[in-house]
Amino acid sequence: MIAPRRNTAQAKIQRYGESGLQPESDVVTVEEPMEIRLTLHENGKATERSVAVTMRTPGDDFELAAGFLFTEGLIAGRGDIADIRYCRDQTPQEFNIVSVRLRDPESFDPALLTRNFYMTSSCGVCGKASLEAVEIRGCKPLPDGTLRVPHDVVRAVPTGLLAAQRVFGKTGGLHAAALFDPEGVLSVAREDVGRHNAVDKVIGHELLDSKLPVADRFLAVSGRASFEIMQKALAAGVAMVVAVGAPSSLAVDVADRFNMTLVGFTRPESFNVYAGGSRLAAQGPAEV
């Protein structure tokens, strides 16, 4: 088993080149399961319930747990969390089980756990109780606000995001998510083998720092923009998502319905605007 909390590992490989196959070593991204548990009060006593299992890259696990619980509507904010810790007595999985203790566990509705959360690194959250769970519950369209992002800042996103991908530079096998301000300054970036996990880590960071909703910055993702990513951004109050890859049709629908800005196929020379173009500015504030 790979040592806990390492995000890379060495692999023995054979590399094909001019001399044929030659033995070498390579650096690969670690992928391990992480179980998220909630401590609840049921039938008059404290019980621990498993909420989700995700295949993730170790690191920023508490942010991942907090971000997931928030973006999936299981907690309302930082004030709901009393404590987050590893289940250190669960050898050999002590760093692969994260337990979240609620500040007011008696007020938590166990019915929220009827959905079956099982996440893979490739597709996001799967196996929800029904297809109707695609409908976003309790979310309202985001206000127009004052967020205005210059075109040049958007075009610089791929370069800025890549510069923040420290582990990707070693392995080439990770997704990234980050928050940028309208001047292109990066405030937080996270990497993970799962694109949805990277987003949850970023949102979890903001949640634990009591910085939600995020109204003054936009979310950038290194891959495609899916429904899951738009749903998580919406939950965090992020009005603009910039993706290096393509959006899905449902991602565009979410952006349209909830007054979000969605940019895809972002390159240093071009990008596509799929929704909410009013938040884009031809020039920066100092140049207008």
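Residues numbered from 1 in each chain as written. Predicted model: local features only at pLDDT ≥ 70, side-chain atom pairs only at ≥ 80, totals over all residues. Heavy atoms only, no water.

Participant: I would appreciate a short explanation of the layout of surface pockets in the present structure.
Facilitator: Unoccupied space between atoms shows up once a probe the size of one water molecule is rolled over them. Estimates place the volume of the second largest pocket at around 180 Å³. The wall of the second largest pocket is formed by 14 residues, among which Asn7, Asp60, Arg166, Val167 and Glu191 lie closest to the centre. If one sorts the elements of the lining of the second largest pocket by residue count, strand 11 (residues 186-192) sits on top with three residues. In the lining of the second largest pocket, the residues fall into five nonpolar, three polar and six charged. (1 Å grid on protein atoms, 1.4 Å probe; cavity = no way out; pocket = protein on both sides within 12 Å on 5 of 7 lines; lining within 4 Å. Points joined across faces, edges and corners; volume = space filled by probe spheres on them. Helix = DSSP H or I, 4+ residues; strand = E, 2+ residues; numbered from the N terminus. Nonpolar A, V, L, I, M, F, W, Y, C, P; charged D, E, K, R; others polar.)

Participant: What's the story with the pattern of salt bridges in this structure? I'm lost.
Facilitator: Two side chains that carry opposite charge are able to pair once their charged atoms sit near each other. Scanning all chains against the criterion turns up 14 salt bridges. One salt bridge in this structure joins Asp60 and Arg190, with 3.5 Å as the shortest N-O distance. Here Asp60, found in the loop between strand 4 (45-56) and helix 1 (61-71), pairs with Arg190, found in strand 11; they are 130 residues apart in sequence, far enough to count as distant. The salt bridge involving Arg217 is made with Asp216; its shortest N-O contact spans 3.1 Å. Connected via shared salt-bridge partners are Glu32, Arg56 and Asp61. (Salt bridge = Lys/Arg side-chain N within 4 Å of Asp/Glu carboxyl O.)

Participant: Sorry, what's going on with the packing of aromatic side chains here?
Facilitator: We describe a pair of aromatic rings using the distance from one ring centre to the other and the angle between the two ring planes. Within this structure, the stated rule accounts for three aromatic pairs. Geometrically, the ring pair formed by Phe62 and Tyr86 is tilted, given 4.9 Å between the ring centres and 45 degrees between the ring planes. Of this pair, Phe62 sits in helix 1 while Tyr86 sits in strand 5 (residues 81-86), placing them 24 residues apart in sequence. On the basis of relative accessibility, which here comes to 29%, the residue Phe62 falls in the partly exposed class. Classification of Tyr86 by relative accessible area gives buried; the value is 11%. For the ring pair Phe180 and Phe218, a centre distance of 5.7 Å and an interplane angle of 20 degrees mean the geometry is stacked. (Phe/Tyr/Trp six-rings, centres within 6.5 Å; stacked < 30°, edge-to-face > 60°. Buried < 20%, exposed > 50% of the residue type's maximum accessible area, 1.4 Å probe, protein only.)

Participant: In this structure, what is going on with the packing of helix 1 against helix 5 (residues 195-208)? I would like to understand it.
Facilitator: Packed helix pairs are specified by the crossing angle of their axes together with the interaxial distance, meaning the distance between the axes. Remark: helix 1 packs on helix 5, axes separated minimally by 6 Å, with the N-to-C direction vectors making an angle of 90 degrees. The pairing of helix 1 with helix 5 is recorded here as roughly perpendicular in orientation. Together, Phe62, Glu63, Leu64, Ala66, Gly67, Phe68, Phe70 and Thr71 of helix 1 and Asn197, Asp200, Lys201, Ile203, Gly204, His205, Leu207 and Leu208 of helix 5 make up the contact between the two elements. Of the residues that constitute the contact of helix 1 with helix 5, the class distribution is eight nonpolar, five polar and three charged. (Axes fitted to C-alpha atoms, helices over the stretch in contact; angles between N-to-C directions. Parallel < 35°, antiparallel > 145°, perpendicular 65-115°, else oblique. Contact = heavy atoms within 4.5 Å.)

Participant: Help me understand the side chain of His205, please; the structure alone is not making it clear to me.
Facilitator: Looking at where His205 falls in the secondary structure, it is placed in helix 5. The class for His205 is buried, based on a relative accessible area of 17%. At 3.1 Å, the side chain of His205 and the side chain of Glu206 are in polar contact. Filtering out sequence-adjacent residues up to four positions away, His205 remains in contact with Glu63, Val188 and Arg190. (Polar contact = N/O pair within 3.5 Å; in protein donor to acceptor, adjacent residues only side chain to side chain.)

Participant: Where do I start with helix 1 in this structure?
Facilitator: An α-helical turn contains 3.6 residues, so any two residues separated by three or four positions project in the same direction. The buried fraction of helix 1 is high, at ten of eleven residues. In the segment just after helix 1, Gly73 is the residue with positive phi, at about 80 degrees.

Participant: Please explain the nonpolar core as it appears in this structure.
Facilitator: In a soluble, globular protein the nonpolar side chains are often hidden away together inside. Within the largest apolar cluster, 54 residues are counted, with the highest numbers of intra-cluster contacts made by Leu69, Leu219 and Met260. Those residues in contact with Leu69 that sit more than four places away from it in its chain are Ile36, Leu38, Val51, Leu74, Ile75 and Val100. Within the second largest apolar cluster, 17 residues are counted, among which are Val153, Ala176, Phe218 and Met240. (Core = buried A, V, L, I, M, F, W, Y, C linked by side-chain atoms within 4.5 Å.)

Participant: Explain unusual backbone geometry here, please?
Facilitator: A negative phi angle characterises most non-glycine residues, just as the trans form characterises most peptide bonds. Residues Leu212 and Pro213 are joined by a peptide bond in cis, for which omega reads 0 degrees. Looking at the element boundaries, Pro213 is found in the loop between helix 5 and strand 12 (218-221). In this model, Asp60 sits at a positive phi of 55 degrees, which is unusual for a non-glycine residue. At Phe265, a position not held by glycine, the phi torsion is positive, near 50 degrees. When you line up the elements, Phe265 lands in the loop between strand 14 (261-264) and strand 15 (272-275).

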